[in-house]
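# Tertiary structure, described
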Amino acid sequence: MSKTLKGIPVSSGIGIGRAFLLDRRKIKVEKYPISAEDVPNEIERFHQALDLAKKQLMEIRENLVRELGDKGHAHIVDVHILILEDEMLINEAIKIVEQERVNAEWALRTVLSQFVNIFEGIEDSYLKERRSDIEHVGERILRNLVGKTISNIDELDQDVIVIAHDLSPADTAQMHKGKVLAFATDMGGRTSHTSITARSLEIPAVVGLENVSATVKTGDPVIVDGNEGILIVNPTPGEFRNYLDKQKHYKYIVSELLRLKDQPAETYDGYRIELKGNIEFFDEIPHLLSRGAEGIGLYRTEFLYMNKKDAPTEDDHFRVYKKLAKQISPYSAVIRTLDLGGDKIASHLHEEDEPNPVLGLRAIRFSLKHQDLFKLQLRAILRASAYGKLKILYPMISGIDEVRQANDILDKVKQELLSKGIYFDEAIQVGVMIEIPSAAMTVDFLAREVDFFSIGTNDLIQYSIAIDRGNEHVAYLYEPLHPAVLRSVKQCVVAAHSQGIRVAMCGEMAGDPLCTLILLGLGLDELSMNAPSLPIIKKIVRSVRYEQAAEMAYRAMILSTPSEIEDYVEKAMRRLFPEFF
Ligand code: PEP
Ligand code: MG
């Protein structure tokens, strides 16, 4: 009988095929005592399992690099190798074998649960993912200990839809060979490495289905709809036909849209805006370029600090920024200085618990307090600016004082470099994120101090409407088309243009096709978004005259409630683009 499950859509597209259940369930571990003289043997057995795990991961890594080069996501496997080498994990397990005289499997399981408990209750999705990384590595070692090796996705010999309780990033990274039509898992979230990899390999995926691995058997016919987050087991003939049509339509739209890749984002009457890409990881760049991004509008550099054992050095920063500058040339890349704190916490920099981290010592406030760290980053950006076109963006600016303080520090760093004869772009542009209401209300002053604005709607909406962007109970209030948000955007554009500076938007709203014409009509110069949104946004821009967009923005601005605005915009967009809405 047909059954529909609802999960989180993390990678768009539709996969139709037979299920292949990948057993990634936890290994059952028995506890048994060992004698004192068996302790060295037991420790040796543990080391052998560790060595084997390392060999397995190195092999996966080598295959990936050989076949895919930079795009092979080898860094994800590196995270696992790092965890495998973590002395605390190894030593703690050995200590338990020695002190409690128990088998290595039991000792390791005990340490793993202690590690995982530490992560329990942490809301941050990135940290949650580190917990799953530790679990994946632990399961690999346990399987080696009990002699049950993991079946590799690499070895699949027919096209399938992979179903699993959870997939490790090492699993997903091996899905490039075209044998995996889609995948679906019980666990996972949008920001997991697995989901990020699925997006960059363009494999349709739905995660967070809770019990799909218990519902589906190998060989069952399944449909995975990565656009809507739906999985259908044993579809009816009607559902099957419907999804074949949807799949065809989706493929057609994607290929049609991609034909616009080299065309400018320009209205019929020649009004031009720039479409750029947001990145967190480096391997997103080829993807953005292949969809026609004209540069990077937001590089979230705090990701350099996440998932790392140690904080990156100035040279680590420099190498990344230099590579970015070269790779993105002739376009430019906007490097946002650290936006740590709030929901993005790096364990080695986190000092103390804050009662209200989202309103706490985060982003530019954190950088101004930790000036050594800030200078290190600015030095690296400046040094890299000699190799391409880079711009600096300060996050979470609340007013002019912060801009001036940050710029004073930047000037000092520039002087230092000049005195050492180190070359950099002396005219490097500096911009601010407009994402706090106090900044949005003083944009006329701020526009005199900087070279550009970038509107961060994710936070601007959160702070303007006073709703936690991660809290599902108030999610209904998270309204990009709230009159307050539209007014803030409009004020930003007016203030920026009257000072002759450009204004970009890099929050999620910039990549929401429903909002494109409103944003165009409000006068934004640049929109920066994730790769999959680029083609459709360009198509919308290229399908209208500027006046139409301006008229739509004007009409939306005189409506007084979010639902009226949404209603109006939805109807208008459906009329103009029945194929998309
Ligand atoms: C934003 O707030 O809109 C933004 C782009 O920054 P982040 O999502 O990284 O907070
Ligand atoms: Mg933000």
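As the structure is a prediction and not an experimental result, all values here were calculated from the model. (Residues numbered from 1 in each chain as written. Chains lettered and ligands numbered in written order. Predicted model: local features only at pLDDT ≥ 70, side-chain atom pairs only at ≥ 80, totals over all residues. Heavy atoms only, no water.)

### Overview of the overall build of the protein
What the protein contains, in helices and strands, is 22 helices and 16 strands. Taken over C-alpha atoms, the radius of gyration comes to 25 Å for the protein, in line with the 25 Å a tight globule of 581 residues would show. Seen through its C-alpha atoms, the protein measures out along the principal axes to roughly 80 × 70 × 45 Å. Out of the 581 residues belonging to the protein, those deemed buried represent 54%. Within the protein, residue pairs in contact and separated by at least 24 positions form 69% of the contacts whose partners lie at least 6 positions apart. Of the roughly 25,900 Å² that the protein leaves accessible, carbon and sulfur atoms contribute 51%. If the 71 positive side-chain charges of the protein are averaged to one point and the 87 negative ones to another, these points end up 4 Å apart. (Helix = DSSP H or I, 4+ residues; strand = E, 2+ residues; numbered from the N terminus. Rg over C-alpha atoms; globule rule 2.2 N^0.38 Å. Buried < 20%, exposed > 50% of the residue type's maximum accessible area, 1.4 Å probe, protein only. Contact = heavy atoms within 4.5 Å. Areas by Shrake-Rupley, 256 points an atom, 1.4 Å probe, with all protein chains shown as cover. Lys, Arg positive; Asp, Glu negative; His and termini not counted. Charge placed at Lys NZ, Arg CZ, Asp CG, Glu CD.)

### Description of the nonpolar core
One recurring pattern in soluble globular proteins is that nonpolar side chains are buried together. One finds Y321, Y394, I434, F453 and L527 to be the most contacted residues of the largest nonpolar core, which totals 103 residues. If sequence neighbours within four positions are ignored, I434 has contacts with A439, A440, V443, L446, F453, S454, I455, G456, L460 and C492. Membership of the second largest hydrophobic core comes to 36 residues, among which are V39, V79, V137 and L145. (Core = buried A, V, L, I, M, F, W, Y, C linked by side-chain atoms within 4.5 Å.)

### A word on the coordination of the magnesium ion (ligand 2)
Bound to the magnesium ion (ligand 2) on the protein side are E435 (OE) and D459 (OD), at distances that span 2.0 to 2.2 Å. Residue E435 is located in the loop between β13 (429-434) and α15 (437-440), and its partner D459 is located in helix α17 (residues 457-465); the two are separated by 24 residues in the primary sequence. Each member of the pair, E435 as well as D459, carries the same accessibility label: buried. (Donors = N, O, S within 2.8 Å, 3.2 Å for Na, K, Ca; no water.)

### Considerations on the domain arrangement of the protein
The domain architecture assigned to the protein consists of domain 1 (3-24 + 151-253), domain 2 (36-146) and domain 3 (268-576). Taking the mean C-alpha position of each, domain 1 and domain 3 sit 32 Å from one another. (Domains from an automatic or database assignment.)

### Brief notes about the packing of aromatic side chains
Summed over the entire model, instances satisfying the criterion amount to 5 aromatic pairs. Centroid distance Y271 to Y546: 3.9 Å. Interplanar angle 25°. Geometry classified as stacked. Taken together, the residues span a long stretch of sequence, with Y271 in the loop between α9 (237-258) and β9 (274-279) and Y546 in helix α21 (residues 546-557) at a distance of 275 residues. An angle of 25° between the planes, with centres 6.2 Å apart, marks the rings of F577 and F580 as stacked. Lying over the aromatic face of Y387, K322 brings its terminal NZ or CZ to 4.6 Å of the ring centre. (Phe/Tyr/Trp six-rings, centres within 6.5 Å; stacked < 30°, edge-to-face > 60°. Lys NZ or Arg CZ within 6 Å of the ring centre and 35° of its normal.)

### Points about the sheet that holds strand β8 (residues 230-233)
Strand order in the open sheet formed by 8 strands is β1-β8-β7-β3-β4-β5-β6-β2, with mixed pairing between adjacent strands. Whereas interior strands pair on both sides, the edge strands pair on one side only; in this sheet they are β1 (3-6) and β2 (8-11). The average angle at which neighbouring strand axes cross in this sheet is 30°, direction not considered. For strand β7 (residues 221-225) and β8, the ladder comprises 4 bridges, and the chain directions are antiparallel. Across the sheet, D225 pairs through a bridge with I230, a residue of β8. On the sheet, α9 packs against β1, β3 (14-22), β7 and β8 and is oriented at approximately 115° with respect to β3. (Pairing = 2+ DSSP bridges. Axes fitted to C-alpha atoms, helices over the stretch in contact; angles between N-to-C directions.)

### As for the sheet that holds strand β14 (residues 452-455)
Sheet strands pair via backbone hydrogen bonds, and the direction of the pair is either parallel or antiparallel. Spatially, the 8 strands close up into a barrel ordered β9-β10-β11-β12-β13-β14-β15-β16, and their pairing is parallel. Here the strands of the sheet are splayed against their neighbours by 25° on average, with no regard to which way each runs. Where β9 lies against strand β16 (residues 526-529), 4 bridges are found, and the strand directions are parallel. Of the residues in β16, the one forming a bridge with E274 is E526. Packing of helix α13 (residues 371-384) onto the sheet brings it into contact with β11 (332-336) and β12 (389-394), and relative to β12 it is tilted by some 155°. Sheet contacts for helix α18 (residues 483-498): β13, β14 and β15 (502-505); angle to β15, the most-contacted strand, approximately 150°.

### A short note on the packing of α13 against helix α14 (residues 400-419)
Where α13 meets α14, the closest approach of the two axes is 10 Å, and the angle between their N-to-C directions is 55°. Considered as vectors, α13 and α14 are oriented oblique to each other. Two packed elements cross with a definite hand, and for α13 against α14 that hand is right-handed. Across the interface between the two elements, Q371, F374, K375, L378, R379, L382 and R383 of α13 pack against A406, I409, L410, V413, K414, E416 and L417 of α14. Across the contact of α13 with α14, the residue classes tally to 8 nonpolar, 1 polar and 5 charged. (Parallel < 35°, antiparallel > 145°, perpendicular 65-115°, else oblique. Left-handed = near helix turned anticlockwise from the far one by under 90°. Nonpolar A, V, L, I, M, F, W, Y, C, P; charged D, E, K, R; others polar.)

### Focus: the pairing of strand β5 (residues 180-185)
Regular strands have side chains that alternate between both faces of the sheet. Within β5, 5 of the 6 residues are buried, which leaves the element mostly enclosed by the surrounding structure. As paired elements, strand β4 (residues 160-164) and β5 share 5 bridges and run parallel to each other. When the bridges of β5 are listed, V162 appears paired with F183. Sheet topology places β5 next to strand β6 (residues 205-207); 2 bridges connect them, and they run parallel.

### Some words on empty space enclosed by the protein
Taken as a whole and assessed by the stated rule, the structure comprises 4 cavities of 30 Å³ or more. Looking at the largest cavity, its volume works out to about 80 Å³. R300, R336, N458, D459 and R469 are the residues nearest the centre of the largest cavity, which is lined by 13 residues in total. At the level of secondary structure, the elements contributing two or more residues to the lining of the largest cavity comprise β10 (296-300) and α17. The class makeup of the residues in the lining of the largest cavity is 3 nonpolar, 3 polar and 7 charged. (1 Å grid on protein atoms, 1.4 Å probe; cavity = no way out; pocket = protein on both sides within 12 Å on 5 of 7 lines; lining within 4 Å. Points joined across faces, edges and corners; volume = space filled by probe spheres on them.)

### Thoughts on the pairing of β7
By the criterion of burial, β7 is predominantly enclosed, with 4 of the 5 residues buried. Across 5 bridges, the pairing between β3 and β7 is antiparallel. Bridge pairing in β7 places I14 opposite D225. Hairpin connection, β7 to β8: the antiparallel pair is bridged by 4 residues, and G229 has positive phi, about 75°.

### Observations concerning unusual backbone geometry
Following S329, the chain continues into P330 via a peptide bond in cis, with omega recorded as 10°. The phi torsion at R101 lies on the positive side, around 50°, for a residue other than glycine. We note that M396 has phi near 55°; this positive angle belongs to a residue other than glycine. For M396, the position within the fold is in the loop between β12 and α14. Among the residues examined, M396 registers a relative accessible area of 0% and is labelled buried.

### Thoughts on the state of the cysteines
Tallied over the entire structure, the rule returns 0 disulfides. Free of any disulfide, C506 has its nearest neighbouring cysteine sulfur in C492, separated by 11 Å. (Disulfide = S-S within 2.5 Å.)

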